[in-house]
Amino acid sequence: MIANFYMPTRLVHGPGALSRLPELVRANRINRPLVVSDPAIAATPFYGQALAALKEAGCDVATFEECWIDARLSHVDAQAERVRREDRDGIVSIGGGSVMCTGKGIAIVAPNGRSFADMTGVANFSAPALPMIMVPTTAGSGSEVSQFTLVKDETSHRKLVGGGPLSFPQVAILDPVTLETLPARAAAASAVDALTHAVEALFSSLATPLTDALALEAVRLQAGSMRRSILSDDMAARADNLLASAIANIACGNSRLGLAHTLSLPLEARLDLPHAIGVGVLIPRIVAFNAPVAPAKAEKLAVVLGARPGVDLAETVAAIRAALFALFDDIGFPTAFSPEQLPRERLAEMAEAAIPGLYGGAMPDRAVRDSDLIHQPGVRRTSVAQARAIFEQCYG
Ligand SMILES: [Fe+2]
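Quick caveat: nothing in here was measured; it's all calculated off a predicted structure. (Residues numbered from 1 in each chain as written. Predicted model: local features only at pLDDT ≥ 70, side-chain atom pairs only at ≥ 80, totals over all residues. Heavy atoms only, no water.)

## Let's talk about the sheet that holds strand β9 (residues 171-174)
Argument step 1. Spatial ordering of the open sheet is given by β1-β9-β6-β4-β2-β3, a layout of six strands whose pairing is parallel. Strand pairing shows two members of the sheet lacking a second neighbour, β1 (10-13) and β3 (62-64), which therefore form its edges. Along the sheet, successive strands turn relative to each other by an average axial angle of 20°, direction set aside.
Argument step 2. Against the sheet, helix α5 (residues 97-112) contacts β2 (33-36), β3, β4 (90-95) and β6 (132-136), and its axis sits at roughly 170° relative to β4. (Pairing = 2+ DSSP bridges. Helix = DSSP H or I, 4+ residues; strand = E, 2+ residues; numbered from the N terminus. Axes fitted to C-alpha atoms, helices over the stretch in contact; angles between N-to-C directions. Contact = heavy atoms within 4.5 Å.)

## As for the domain arrangement of the protein chain
Argument step 1. For the protein chain, the assigned domains are domain 1 (10-179) and domain 2 (183-396).
Argument step 2. Between domain 1 and domain 2, the contact holds 17 residues from the first and 17 residues from the second.
Argument step 3. At the boundary of domain 1 with domain 2, total buried surface from both sides reaches about 1300 Å², with 72% on carbon and sulfur atoms.
Argument step 4. Contact with domain 2 buries surface across domain 1, with Ala-139, Pro-176 and Leu-179 losing the most and accounting together for 36% of the total.
Argument step 5. At the boundary of domain 1 with domain 2, the tally comes to zero salt bridges.
Argument step 6. There are three residue pairs in polar contact (both at pLDDT 80 or more) connecting domain 1 and domain 2.
Argument step 7. Of the residues that constitute the side of domain 1 that touches domain 2, the class distribution is nine nonpolar, six polar and two charged. (Domains from an automatic or database assignment. Buried area = accessible area lost by both parts, 1.4 Å probe. Salt bridge = Lys/Arg side-chain N within 4 Å of Asp/Glu carboxyl O. Polar contact = N/O pair within 3.5 Å; in protein donor to acceptor, adjacent residues only side chain to side chain. Nonpolar A, V, L, I, M, F, W, Y, C, P; charged D, E, K, R; others polar.)

## Comments concerning empty space enclosed by the protein
Argument step 1. Evaluated as defined, the whole model comprises one cavity of 30 Å³ or more.
Argument step 2. By volume, the largest cavity amounts to about 40 Å³.
Argument step 3. Together, Val-199, Glu-200, Phe-203, Gly-258, Leu-259, Ile-283, Ile-286, Val-287 and Asn-290 line the largest cavity.
Argument step 4. Taken together, the elements giving at least two residues each to the lining of the largest cavity come down to α6 (184-202) and α10 (275-290).
Argument step 5. Looking at the lining of the largest cavity, the element that brings in the most residues is α10, giving four residues.
Argument step 6. Residues of the lining of the largest cavity, tallied by class, amount to six nonpolar, two polar and one charged. (1 Å grid on protein atoms, 1.4 Å probe; cavity = no way out; pocket = protein on both sides within 12 Å on 5 of 7 lines; lining within 4 Å. Points joined across faces, edges and corners; volume = space filled by probe spheres on them.)

## Quick look at the pattern of salt bridges
Argument step 1. Inspection of the entire model under this criterion finds 17 salt bridges.
Argument step 2. Here Asp-60 and Arg-32 are joined by a salt bridge, their closest N and O atoms 2.4 Å apart. Placement of Asp-60 in the loop between α3 (45-56) and β3 and of Arg-32 in the loop between α1 (21-27) and β2 is noted, with a sequence separation of 28 residues between them.
Argument step 3. Take Arg-32: its relative accessible area is 25%, and that puts it in the partly exposed class.
Argument step 4. One salt bridge in this structure joins Asp-234 and Arg-228, with 3.1 Å as the shortest N-O distance.
Argument step 5. For Asp-234, a relative accessible area of 23% puts it in the partly exposed group. (Buried < 20%, exposed > 50% of the residue type's maximum accessible area, 1.4 Å probe, protein only.)

## Structural notes on the coordination of the iron ion
Argument step 1. Taken together, the protein donors to the iron ion comprise Asp-193 (OD), His-197 (NE2), His-261 (NE2) and His-275 (NE2), at separations of 2.1 to 2.2 Å.
Argument step 2. In this structure, the iron ion is surrounded by four donor atoms whose angles at the metal cover 85 to 170°, and the resulting shape is irregular. (Donors = N, O, S within 2.8 Å, 3.2 Å for Na, K, Ca; no water. Tetrahedral: all angles 85-135°; square planar, octahedral: opposite > 155°, others 65-115°.)

## Notes on the UniProt feature "domain: Alcohol dehydrogenase iron-type/glycerol dehydrogenase GldA" (unreviewed entry) in the protein chain
Argument step 1. Taking the numbering used here, the UniProt-annotated feature "domain: Alcohol dehydrogenase iron-type/glycerol dehydrogenase GldA" (unreviewed entry) corresponds to residues 8-176.
Argument step 2. With 31% helix and 24% strand, the stretch residues 8-176 has end C-alpha atoms that lie 22 Å from each other. (UniProt positions renumbered as here; feature names shortened; annotations may be inferred.)

## Here's the deal with unusual backbone geometry
Argument step 1. Phi is positive for Arg-29, close to 55°, though the residue is something other than glycine.
Argument step 2. Here Arg-29 shows up in the loop between α1 and β2.
Argument step 3. Given the relative accessible area of 71%, Arg-29 is considered exposed.
Argument step 4. Look at Arg-256: it is not a glycine, yet its phi comes out positive at around 75°.
Argument step 5. On the secondary structure map, Arg-256 appears in the loop between α8 (235-255) and α9 (259-271).
Argument step 6. On the basis of relative accessible area, Arg-256 is assigned to the partly exposed category, the value being 37%.

So this is what it looks like as structure tokens:
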């Protein structure tokens, strides 16, 4: 296998990093930025200070502070038109995944002059995106180190994915001050999502020693800091949490996401299950499923989770499961689906709907069979019947 590792985004991280925003904006030749955010973040002191610092540095700043739960196609296209009209030369996104995805969508659409809906897929645009500075305010989505953006089309209710090597953010600024106002529940959800990104990167058939090194360190850092980051005001733990999320996403950006994200997708699309709940509840079961074909990785995972690898694989898998469950319990995150969240009578439908996966696989053009494979890059080939069995393990 010829592997490729690409990560052009500059990371500036640590307590106080946000104070570097004006010089990083200038270093990227941005003089007239559009600052993208949401109403909750726009009300925080650190946001106000960041805006004031940009203006003090002589930037002609415009703002869009109306992002909502998902990045929206109407916002992306309209703000891109505004950027062209006002001759804006860069995007500063301050917020969680939906804010960063909105900013990235605007940065792609503005110089390409077509709706984002016409540029979905990988690298389906020719002009480089506008320079982007990302300031994540949750430790989870990884959009700050990703070329891709996920945008919801409100009319068709579809989630559109687009991006390519020309849409990596120039800079990600990771400052733990941005996590201060994040509610514990949201912090737990994003931290678990980031943890699953690292674990998925590890158990990918496209993983390399380089992505493994990043994934394992991301798990170690995340597992070691998550409790203190969420349950106390520990700034050092929050800094670790933010960095772990970025590292996890650099890993999975290069080795791709596996079975947990693939099986969660139909639950999110058809049952409105929140993303973090879907992947978080699935991940211990997915590790158990993958471990027989990647036992060495399971052992390494146990170690970085602070669990003791067992005398055999079954014990190691049990130790990983116990460590994950203990972590989830401590931060108030669920370890199982309720029958209301995932109705048993819909398990077969969910397993079949998972077939196309995250990366554009197709449904068979005949009735689905139990032996049909789910399109996903995980280390273990997975049939529809196996996917159904994994779902069945997710209750209680
Ligand atoms: Fe995720």
